[in-house]
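# A structural walkthrough
For reference, the chains in residue letters:
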Protein chains: 2
Amino acid sequence: MQHKPKNFNSELNPNVSVDCVIFGFDLEQLTVLLIDRGEISSAFGPRLALPGNLIYDNENLDMAANRVLDELTGLNNIYLEQVGAFGDPDRILKESDREWLKSIRAEPEARVITVAYYTLVPMSHYKPQASSFAKNADWVPVNQITELAFDHYEILQAAKDKLKQKIKIQPIGFNLLPQKFTLSQLHRLYESILDKPLDKRNFRRKIQKLNILSSLREKQRGVPHKPSLLYEFNEEKYQELTQTGFDNFGF
Amino acid sequence: MQHKPKNFNSELNPNVSVDCVIFGFDLEQLTVLLIDRGEISSAFGPRLALPGNLIYDNENLDMAANRVLDELTGLNNIYLEQVGAFGDPDRILKESDREWLKSIRAEPEARVITVAYYTLVPMSHYKPQASSFAKNADWVPVNQITELAFDHYEILQAAKDKLKQKIKIQPIGFNLLPQKFTLSQLHRLYESILDKPLDKRNFRRKIQKLNILSSLREKQRGVPHKPSLLYEFNEEKYQELTQTGFDNFGF
DNA sequence: TTTGGATAGTGTAAAATTGACACAAAGCTA
DNA sequence: TAGCTTTGTGTCAATTTTACACTATCCAAA
């Protein structure tokens, strides 16, 4: 649904935008929430783009990123990390891109620097639904993406790299899973983020040894095979772990 | 020496600046090149600041950072990495800061977002010299710094963290050393970046096993103790190593 | 009710890596 | 030449990593 910016009565800054790489995980592969800019824009360039917007003059960058996320999905309190700033003067060179920008009120002649963020959302928390006034958004598996509008493909790659590095250091993957999950789902998540196969038994041993999971006395239901035990991420145990200076998951 | 911006005839962008954390290593500890803003600015805030400047509308961010570095030190072709964008609306809130900004032509009312970079320079390549028109710059050991102008202290911390993470993954430390260096110097460099002691023998073993150093048939001269063998970083061997997918130095 | 299909869950042994630790060698200076 | 300072070196135990295969459990279809 469409949200009005809250508590901002100041001006849009025509020079700085934020773009969000919104990662999800469909229990099989890593996905990204992309905006379809429609037929008009596709004449000269890719239809799909990262959600983003200009920032207001009195909001900080993290707030702006959260606002973009909220406006698109209604979600807040979401794991969010900055990727970096992207600012080639010709990053919005293409005519089709400029036309589209015009339609959302930026001055197409101005040079725009964008600050990219990535966020991790449990995919079940947001099901895109077509709507006349909402932007047309959809989850797309990351390794099916070969091009995006503007410099967004480059931004996506940078975000993937950041995520890959980060997950070696902090167990942020849980932000992409439902609260209750199986070890196999976690396993597939790590494989798709790290983009390499991990031995099943070694993975399970390593995760279990960290002792940051709570095993529930509950099994999967309705699966056509041996049902898996369900687990929860245990925030308290993780805090204990980090207190000891631990910062390497060794993947 | 003072440089004129090269090949830029376009306008300064009043909304976006770059700041550089220029790291050096005095063979004992990690240092940063800071600008002394002088007595006037110190009335209400710290004198010392990171070198930085507004960007031109037609240069990209990396170019702008290189330009700042070049203008201050005359150096180019230097290892450079983006830290991220910093953009709290109140980051230049202090009156003294705004006065100073006015003097370098920014509109003090405008909201400025800064993109921070860190660079690694061999300290021997740049000796600051006081000069009437050059900015007054000096190397300061990082762990003696307790405050900086604007939000520069926060930026410095972020840069240190980035560097710490990066050096666990890539052997970028060599950019801080003279071409010929001893294993003890490399050892101290890693200790000061990682901010923890490393066992001497274990460190040497680990580095040697990587096989990315060329041992020179040359010893230190003029030291009042047993002279050390000198080594060079071997770029080719490092390339071989990374080709195998290696991305973890395990510190 | 039985069978087949699918995934869950488990252990071990060899190899590699890490961590802890102490002393002789080499050059300079006084 | 005696003393100071830093270099350079090896081993052993503990831990971690890697490679690898079969049984258990559930559902569905016959």
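Residues numbered from 1 in each chain as written. Chains lettered and ligands numbered in written order. Predicted model: local features only at pLDDT ≥ 70, side-chain atom pairs only at ≥ 80, totals over all residues. Heavy atoms only, no water.

### Here's the deal with the overall build of chain A
Applicable threshold: Helix and strand assignments come from DSSP, with helices taken as H or I runs of at least 4 residues and strands as E runs of at least 2, each series counted from the N terminus. Burial classification: accessible surface area is computed with a 1.4 Å probe over protein chains only, and a residue below 20% of its type maximum counts as buried, one above 50% as exposed, and the rest as partly exposed. Whether two residues touch is decided by their heavy atoms; if any such pair falls within 4.5 Å, the residues are in contact. Here the open area of atoms and residues is found with the Shrake-Rupley method and a 1.4 Å probe, where only the protein chains shown may cover a residue.
The secondary structure content of chain A amounts to seven helices and nine strands. Here chain A holds 251 residues, and 50% of them are scored as buried. Long-range contacts, defined as pairs at least 24 residues apart, comprise 72% of the intrachain contacts of chain A with a sequence gap of at least 6. For chain A, the accessible area works out to roughly 13000 Å², and carbon and sulfur atoms hold 48% of it.

### A closer look at the interface of chain A and chain B
Filter applied, for reference: Summed over both partners, the accessible area lost on bringing two parts together, with a 1.4 Å probe, is the buried area. A side-chain nitrogen of Lys or Arg and a carboxyl oxygen of Asp or Glu constitute a salt bridge if their distance falls within 4 Å. Each polar contact in these results corresponds to two N or O atoms within 3.5 Å; when the atoms are within protein, one needs to be able to donate a hydrogen and the other to accept it, and residues that are neighboring in sequence are counted only if both atoms are side-chain atoms. The nonpolar class holds Ala, Val, Leu, Ile, Met, Phe, Trp, Tyr, Cys and Pro. Asp, Glu, Lys and Arg form the charged class, and all remaining residues, Gly among them, are polar.
Each side of the interface is counted separately: chain A has 25 residues, and chain B has 25 residues. Carbon and sulfur atoms supply 47% of the area that chain A and chain B bury against each other, a total of about 1800 Å² over both sides. At the junction of chain A with chain B, the criterion picks out two salt bridges. The partner of B:D247 in a salt bridge is A:K168, with the nearest N and O atoms 2.8 Å apart. Run the count over chain A and chain B and you get five residue pairs in polar contact (both at pLDDT 80 or more). Only strand 1 (12–25), strand 4 (52–56), strand 5 (79–86), strand 6 (113–120) and helix 4 (152–167) of chain A provide two or more residues apiece to the side of chain A that touches chain B. In terms of residue count, strand 5 of chain A provides more of the side of chain A that touches chain B than any other element does, four residues in total. Of the residues that constitute the side of chain A that touches chain B, the class distribution is ten nonpolar, eight polar and seven charged.

### Let's talk about the protein's contact with DNA strand D
Short version of the rule: Proximity criterion: a residue is near a molecule or strand once any of its heavy atoms comes within 4 Å of it.
A:R205, A:K226, B:S184, B:R204 and B:L229 are the nearest of the 22 residues found near DNA strand D. Protein-adjacent atoms of DNA strand D, using a 4 Å cutoff, are sugar or phosphate at a proportion of 40%. At 2.6 Å, a side-chain N or O of B:R204 approaches a phosphate oxygen of DNA strand D. Elements represented by at least two residues in the surface near DNA strand D include exactly helix 6 (200–210) of chain A together with helix 5 (183–194) and helix 6 (200–210) of chain B. Take the surface near DNA strand D: its biggest share by element is five residues, from helix 6 of chain A. Considering only residue class, the surface near DNA strand D consists of five nonpolar, five polar and twelve charged.

### Thoughts on the relation of the copies chain A and chain B
Spelled out, the test is: Least squares is the method used to superpose the copies, on C-alpha atoms of residues holding a pLDDT of at least 70 in both.
Expressed as a screw operation, the relation of chain A to chain B combines 0.0 Å of axial shift with a rotation of 179°, fitting to an RMSD of 0.0 Å. These values place the two chain copies in the arrangement generated by a two-fold rotation axis. Taking C-alpha positions as the reference, the residue of chain A nearest the rotation axis is A:G84, at 2.3 Å.

### Points about the protein's contact with DNA strand C
In the vicinity of DNA strand C, 23 residues are found, and the nearest of them are A:S184, A:R204, A:L229, B:R205 and B:V223. Restricting attention to atoms of DNA strand C within 4 Å of the protein, one finds that 39% of them are sugar or phosphate atoms. Take A:P224: an N or O atom from its main chain is 3.0 Å from a base nitrogen of DNA strand C. In this structure, a base nitrogen belonging to DNA strand C sits 3.3 Å away from a main-chain N or O atom of B:K226. Within the residue set of the surface near DNA strand C, elements represented by two or more residues are helix 6 of chain A together with helix 6 of chain B. Take the surface near DNA strand C: its biggest share by element is five residues, from helix 6 of chain B. Here the surface near DNA strand C is built from residues that sort into six nonpolar, five polar and twelve charged.

### Considerations on the packing of aromatic side chains
Let me state the cut-off plainly: Aromatic pairs are defined between Phe, Tyr and Trp rings, using the six-membered ring for Trp, whenever the two ring centres lie within 6.5 Å; interplanar angles under 30 degrees are classed as stacked, those over 60 as edge-to-face, and all others as tilted.
A complete count under the given rule lists 18 aromatic pairs over all chains for this structure. Between A:F203 and A:F251 the ring centres are 5.9 Å apart and the planes differ by 35°, which places this aromatic pair in the tilted class. One end of the pair, A:F203, is in helix 6; the other, A:F251, is in the segment after helix 7 (235–243), with 48 residues separating them in the sequence. On the accessibility criterion, A:F203 (3% relative accessible area) is buried. With a centroid separation of 6.0 Å and an interplanar angle of 45°, the aromatic rings of B:F233 and B:Y238 are classed as tilted. Of the residues examined, B:F233 reaches a relative accessible area of 24% and is grouped as partly exposed. The exposure class assigned to B:Y238 is buried, which follows from its relative accessible area of 10%.

### A look at the confidence of the model for chain A
Low pLDDT marks stretches whose predicted atomic positions should not be read closely. Which entries qualify depends on this criterion: A residue's pLDDT is simply how confident the predictor is in it, with values from 0 to 100.
With 83% of its residues at a pLDDT of 70 or more, chain A has an overall mean of 88. Under a pLDDT of 50 for its full length, residues 1–8 of chain A has, in the predicted model, 16 contacts with residues more than four places off or in other chains.

### Some details on the packing of helix 4 (residues 152–167) of chain B against helix 5 of chain B
Residue and element names in this part refer to chain B. Cut-off, in case you're wondering: Here, axes are lines fitted to C-alpha atoms. For helices the fit covers the stretch in contact, and angles between N-to-C directions go from 0 to 180 degrees. By definition in this entry, angles of less than 35 degrees are roughly parallel, angles greater than 145 are roughly antiparallel, angles of 65 to 115 are roughly perpendicular, and the rest are oblique.
Their axes nearest at 9 Å, the elements helix 4 and helix 5 cross at an angle of 130°. Taken together, helix 4 and helix 5 sit at an angle that is classed as oblique. For the pair helix 4 and helix 5, contact is made by L163, K164 and I167 and by Y190, I193 and L194, respectively.

### Things to note about the side chain of B:T31
Residue and element names in this part refer to chain B. Along the chain, T31 turns up in strand 2 (residues 30–36). You can call T31 buried: its relative accessible area is 2%. Excluding anything up to four places from it in sequence, T31 contacts I22, F23, G24, F25, D26, M123, W139, V140, P141 and V142.

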